[in-house]
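# Fold and contact review
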Amino acid sequence: MFSFLEKNPFFFTLAFVVAFAVAGVVEILPNFFKSARPIEGLKPYSILETAGRQVYISEGCYNCHSQLIRPFQAEVQRYGAYSLSGEYAYDRPFLWGSRRIGPDLHRVGDVRTTAWHEKHMLEPTSVVPGSIMPAYKHLFTKDADFDTAFAEAYTQKEVFKVPYDKPGGVQLGDIQEAKKLFLEEAKGIVDHMQDPDIKAALKEGRVKEIVALIAYLNSLGQGRIETPKVSAKGQ
Amino acid sequence: MAKTSAEYDYSIARLFIIAMITFGVIGMLIGVVLAFQLAFPKLNYILGEYSIFGRLRPVHTNGVIYGFTLGGIWASWYYFGQRVLKITYHDYPFLKVVGYLHFWIWILTLILGVVSLLGGITQSKEYAELAWPLDILVVVVWVLWGISMFGSMGVRRENTIYVSLWYYIATYVGIAVLYIFNNLSIPTYLVAHTGSLWHSISMYAGSNDALVQWWWGHNAVAFVFTSGVIGTIYYFLPKESGQPIFSYKLTLFSFWSLMFVYIWAGGHHLIYSTVPDWVQTLSSVFSVILIIPSWGTAINMLLTLRGQWHQLKESPLIKFLVLASTFYMLSTLEGSIQAIRSVNALAHFTDWIIGHVHDGVLGWVGFTLIAAVYHMVPRVFKREIYSAKLMDVQFWLMTLGIVLYFSSMWIAGITQGMMWRDVDQYGNLVYQFVDTVRVLIPYYVIRGFGGTLYLVGFFIFLYNVLMTIQKGRVLEKEPAYATPMGMQ
């Protein structure tokens, strides 16, 4: 029955494409535009948070930490309200992860403070005895990459119409204004930190990677939504 | 008229064999380091920030998938492609040049990939971490393989396309489509004219990005680890054992049903996530159905040896191939079970999944490709295999390693999943997260030990291949079936 296909690579390939394409068309297309809608009041990431997200990605934090709270009683108790699709609408790429070697971080901003993160990143076992997380001392010495973070936020705004620069929302402005906001926001984090070198660096206009990462981690949680809509019981 | 073996051109196959073994050593060595890092966190600092788990892990996965596995598949293609199509690259210098380009651009991409990943340049999508400029190189490599494969088919002297090539065509087209769609992204420098040139952001956001990623992520397994490796074993098992494939109808059935069913299953990575329930359910159902084509292939392999089981005693090479088919059955059964919603609720995010992947890749992929190399080396280097005894030692060390690996990960994963959900009589959580980490340490040590045994076996493989090339008895005539092996 199929023997003519086996003699003709072209038709064979064509038949394969047909068999292969069905699932993608059925599973992916119907929902594509619906799932891209943000939850009401969702704030885009500030540039400092974007820079921190880039540190999170570059250090491969997603290899050990998920950002997806499943709708189970135990998970909601442990991590907070379960995750909703519309909360991820500005996440490019998504960072759900596939393994929890460490705990879920989708709402870590609701439960941990800047000071806690600072200690934890320097020496995880000092705050979590028995932790197997590596220390991230190099984040305390390297500067956060403002330019790439700005480029990302700008691309989000221009290409994907992410609502930056709306009245009362997250401001981007031009690159000078953005830099000013970036430093102001960093000061808000650094004020709660201990490390004198980081404070000194900020005075010279340099923001360390750890500051950006903490800003990002602090932003994870229900604070991302202007009017919190997510409770432990769902909406 | 059948061509004599001396006329086949093995120069490209040789390069791929050597590179594949090299990337196997690198990828698996890093894997062992990663395994022990979880038990002994101090190992994270052996190379400063460049050796921390989060940076090393993608180097391990990319090295093993794109270095070792694809290297093995391509070595096989440049070896048996000529044989099943009855051509030789001596007659087609163009195809030979394409083969060399394919090899060297692949090597360049891998090296750039390792360096950039260690430097923290990553897109963070699993098995699609490479930055956008490297993605373009990957496409070039893929196009070159396509020219080689379809070009060779265009000039073939054999009317029928052998079944191994059906699977290779599937690998080719499947990966091309999935890889390109998953990696569509906007380089931010081109929009904002500032920041890093390497940086890009995905075309898709949030749940959509997850859907596209796992449509890719799961089907990278489908079309590299499954169809690519099935294509490989469909050549080497009948060839080595001298037996025809058990059933043509079963081959047809399992090929077309695998191709139709596999892609649906990708969504099982997203059960209980924020993608719609109907997608999750559909994926779960198709994941269970997937057992039929998977076992169809494995049974077809095993029955190919009907009446020939004495070959298991006589040849370590056959042992590798038979155990590979068996591990394929184990791994696919396990995968289907894990895709059932209630099981997935427990298993997802735990080490049970890691165990599942590794009984598949270590047992099925690793053993098939090792056997393929053992079959090819005497023919492309024209020497008898140096030592059958060493092959046997390697086989048992590796098998023991796999058993320790998956059993420790099963226990670890199920333990952790149970501890996460454990509540007392008042509905309060019993364990802190870190309690579930501490309890896994002994299993991480066992897993590391299992991985080490596998790695030691791989070094024996390397040694045996090198000794074969240098010291193996020279073969006057290419063996038709069973590979000749020295006994020391």
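The numbers attached to residues start from 1 for each chain and follow its sequence in the written order. Throughout, the order in which chains and ligands are written sets their labels, letters from A for the former and numbers from 1 for the latter. This being a predicted model, a pLDDT of at least 70 is required before a residue's local features are given, and a value of 80 or more before pairs of side-chain atoms are given or counted; all residues contribute to the totals for chains, interfaces and linings. To obtain the side-chain values, all non-hydrogen atoms of the structure were included, while hydrogens and water were left out.

## A few points about the packing of aromatic side chains
Residues and elements named next belong to chain B. Only centres within 6.5 Å qualify two rings of Phe, Tyr or Trp (six-membered ring in Trp) as a pair; their planes then separate them into stacked at under 30 degrees, edge-to-face at over 60, and tilted for everything else. Scanning the model with the defined rule gives 63 aromatic pairs over all chains in all. An angle of 5° between the planes, with centres 5.3 Å apart, marks the rings of phenylalanine 16 and tyrosine 78 as stacked. Here phenylalanine 16 is found in helix 1 (residues 11–39), whereas its partner tyrosine 78 is found in helix 2 (residues 53–85), with 62 residues between them in sequence. Judged by its relative accessible area of 0%, tyrosine 78 falls in the buried class. Seen from their ring centres, tyrosine 386 and tyrosine 463 are 6.2 Å apart, and the 85° between their planes marks the pair as edge-to-face. Placement of the pair is tyrosine 386 in the loop between helix 14 (351–380) and helix 15 (388–421) and tyrosine 463 in helix 17 (residues 441–471), with a sequence separation of 77 residues. Exposure classes here rest on a 1.4 Å probe applied to the protein chains alone. A residue is buried below 20% of its type maximum, exposed above 50%, and partly exposed in between. For tyrosine 386, a relative accessible area of 18% corresponds to the buried category. Runs of E in the DSSP output that reach at least two residues are strands. Runs of H or I that reach at least four are helices, and both are numbered from the N terminus.

## Details of the interface of chain A and chain B
The extent of an interface is frequently quoted as the accessible surface area lost upon association of the parts. With 83 residues of chain A at the contact, the number on the chain B side is 97 residues. Together, the buried faces of chain A and chain B total about 7,700 Å²; carbon and sulfur atoms form 67% of this surface. What makes a salt bridge here is a side-chain nitrogen of Lys or Arg within 4 Å of a carboxyl oxygen of Asp or Glu, nothing more. Viewed at the interface, chain B and chain A are joined by 3 salt bridges. Glutamate 59 of chain A is the salt-bridge partner of arginine 55 of chain B, the closest N and O atoms lying 2.9 Å from each other. For the purposes of these results, a polar contact is taken to be a pair of N or O atoms within 3.5 Å, where, inside protein, one atom must be able to donate a hydrogen and its partner to accept one; residues adjacent in sequence count only when each atom of the pair is a side-chain atom. Inspection of the region where chain A meets chain B yields 29 residue pairs in polar contact (both at pLDDT 80 or more). Here a residue-residue contact requires only that any non-hydrogen atoms of the pair lie within 4.5 Å. Buried area is a sum: the accessible area each of two parts loses on coming together, probed at 1.4 Å, counted once for each and added.

## Let's talk about the confidence of the model for chain B
Scored from 0 to 100, pLDDT reflects the predictor's confidence in each residue. Of the residues in chain B, 99% have a pLDDT of 70 or more, and the chain-wide mean is 95. Interface predicted TM-score (ipTM) for the complex: 0.94; the corresponding pTM is 0.95.

## Observations regarding the UniProt feature "domain: Cytochrome c" (unreviewed entry) in chain A
UniProt positions are given in the numbering used here, feature names are shortened, and annotations may be inferred rather than shown by experiment. Following the UniProt record, the feature "domain: Cytochrome c" (unreviewed entry) maps to residues 47–221 of chain A here. Between the end C-alpha atoms of residues 47–221 of chain A there is a gap of 17 Å, over a span that is 47% helix and 0% strand.

## Digging into the packing of helix 7 (residues 206–241) of chain B against helix 14 of chain B
All names here are of chain B. A fitted line through C-alpha atoms represents every axis, and for helices the fit uses only the stretch in contact; the resulting angles, taken between N-to-C directions, go from 0 to 180 degrees. Look at helix 7 against helix 14: their axes get within 10 Å of each other, and the N-to-C directions meet at 45°. By the angle class used here, helix 7 and helix 14 are oblique. For the pair helix 7 and helix 14, the sense of crossing is left-handed. Packed against helix 7, whose contacting residues are Phe225, Thr226, Val229, Ile230, Thr232, Ile233, Phe236, Lys239 and Glu240, the element helix 14 presents Val361, Trp364, Val365, Thr368, Leu369, Ala372, His375, Met376 and Arg379 at the interface. Only Asp, Glu, Lys and Arg are considered charged, only Ala, Val, Leu, Ile, Met, Phe, Trp, Tyr, Cys and Pro nonpolar, and every remaining residue, Gly among them, polar. Each residue belonging to the contact of helix 7 with helix 14 can be placed in one class, and the counts come to 11 nonpolar, 4 polar and 3 charged. Any angle that is under 35 degrees is reported as roughly parallel, and any over 145 degrees as roughly antiparallel; angles of 65 to 115 degrees are reported as roughly perpendicular and all others as oblique. Helix crossings get a hand from a simple test, with the near helix turned counterclockwise from the far one by less than a right angle marking a left-handed crossing and a clockwise turn marking a right-handed one.

## With respect to the pattern of salt bridges
Per the stated rule, a full pass over the model turns up 26 salt bridges over all chains. Note that arginine 53 of chain A and aspartate 91 of chain A form a salt bridge whose closest N and O atoms lie 3.5 Å from each other. Here the residue arginine 53 of chain A occupies a position in helix 3 (residues 47–58), and aspartate 91 of chain A occupies one in the loop between helix 4 (73–79) and helix 5 (114–122), the gap between them amounting to 38 residues. Residues arginine 53 of chain A and aspartate 91 of chain A agree in their burial class; the two are buried. For aspartate 209 of chain B, the salt bridge identified is with lysine 125 of chain B, shortest N-O distance 2.8 Å.

## Description of helix 3 of chain A
Taking 1.5 Å as the rise per residue, helix 3 of chain A with 12 residues should run 16 Å; its terminal C-alpha atoms sit 16 Å apart, in good agreement. Burial of helix 3 of chain A is extensive: 12 of the 12 residues sit out of reach of the surface. Within helix 3 of chain A, the full set of buried residues consists of Ile47, Leu48, Glu49, Thr50, Ala51, Gly52, Arg53, Gln54, Val55, Tyr56, Ile57 and Ser58 of chain A. Buried residues belonging to helix 3 of chain A abut helix 7 (146–160), helix 8 (175–190) and helix 10 (209–219) of chain A together with helix 2 of chain B. After helix 3 of chain A finishes, the residue glycine 60 of chain A shows a positive phi value of roughly 70°. The span one expects for a helix is its residue count, reduced by one, times 1.5 Å.

## A word on a nonpolar patch on the surface
Residues and elements named next belong to chain B. A contiguous nonpolar patch, built from Phe94, Val139, Val143, Ile147, Ile180, Phe181, Leu184 and Met203 and spanning about 660 Å² of accessible area, is present on the exposed surface. When residues of the nonpolar patch are traced back to their parent elements, those giving at least two are helix 4 (132–154) and helix 5 (163–183). The leading source of residues in the nonpolar patch is helix 4, at 3 residues. Here valine 143 shows up in helix 4. Since its relative accessible area comes to 40%, valine 143 is described here as partly exposed. Patch building starts from residues that exceed 30% relative accessible area and form no salt bridge, then joins like charges within 9 Å and nonpolar side chains (Val, Leu, Ile, Met, Phe, Trp, Tyr) within 5 Å. Surface accessibility follows the Shrake-Rupley procedure with a 1.4 Å probe radius. Residue values consider only the protein chains on display as shielding.

## Let's talk about the environment of phenylalanine 367 of chain B
With respect to the secondary-structure elements, phenylalanine 367 of chain B resides in helix 14. Separated by 48 residues in the primary sequence, phenylalanine 367 of chain B and lysine 319 of chain B place their C-alpha atoms 9.1 Å from one another.

## As for unusual backbone geometry
Excluding glycine, most residues fall at negative phi; most peptide bonds, likewise, are trans. Between arginine 92 of chain A and the following residue, proline 93 of chain A, the backbone shows a cis peptide bond with an omega angle of -5°. Along the chain, the position of proline 93 of chain A falls in the loop between helix 4 and helix 5. Even without being a glycine, lysine 161 of chain A presents a positive backbone phi close to 60°. If you trace the backbone, lysine 161 of chain A turns up in the loop between helix 7 and helix 8. Here lysine 161 of chain A falls in the exposed class, since its relative accessible area comes to 63%. The phi dihedral of tyrosine 272 of chain B is positive, around 65°, even though this residue is not glycine. Of note, tyrosine 272 of chain B is situated in the loop between helix 8 (248–261) and helix 9 (277–289).

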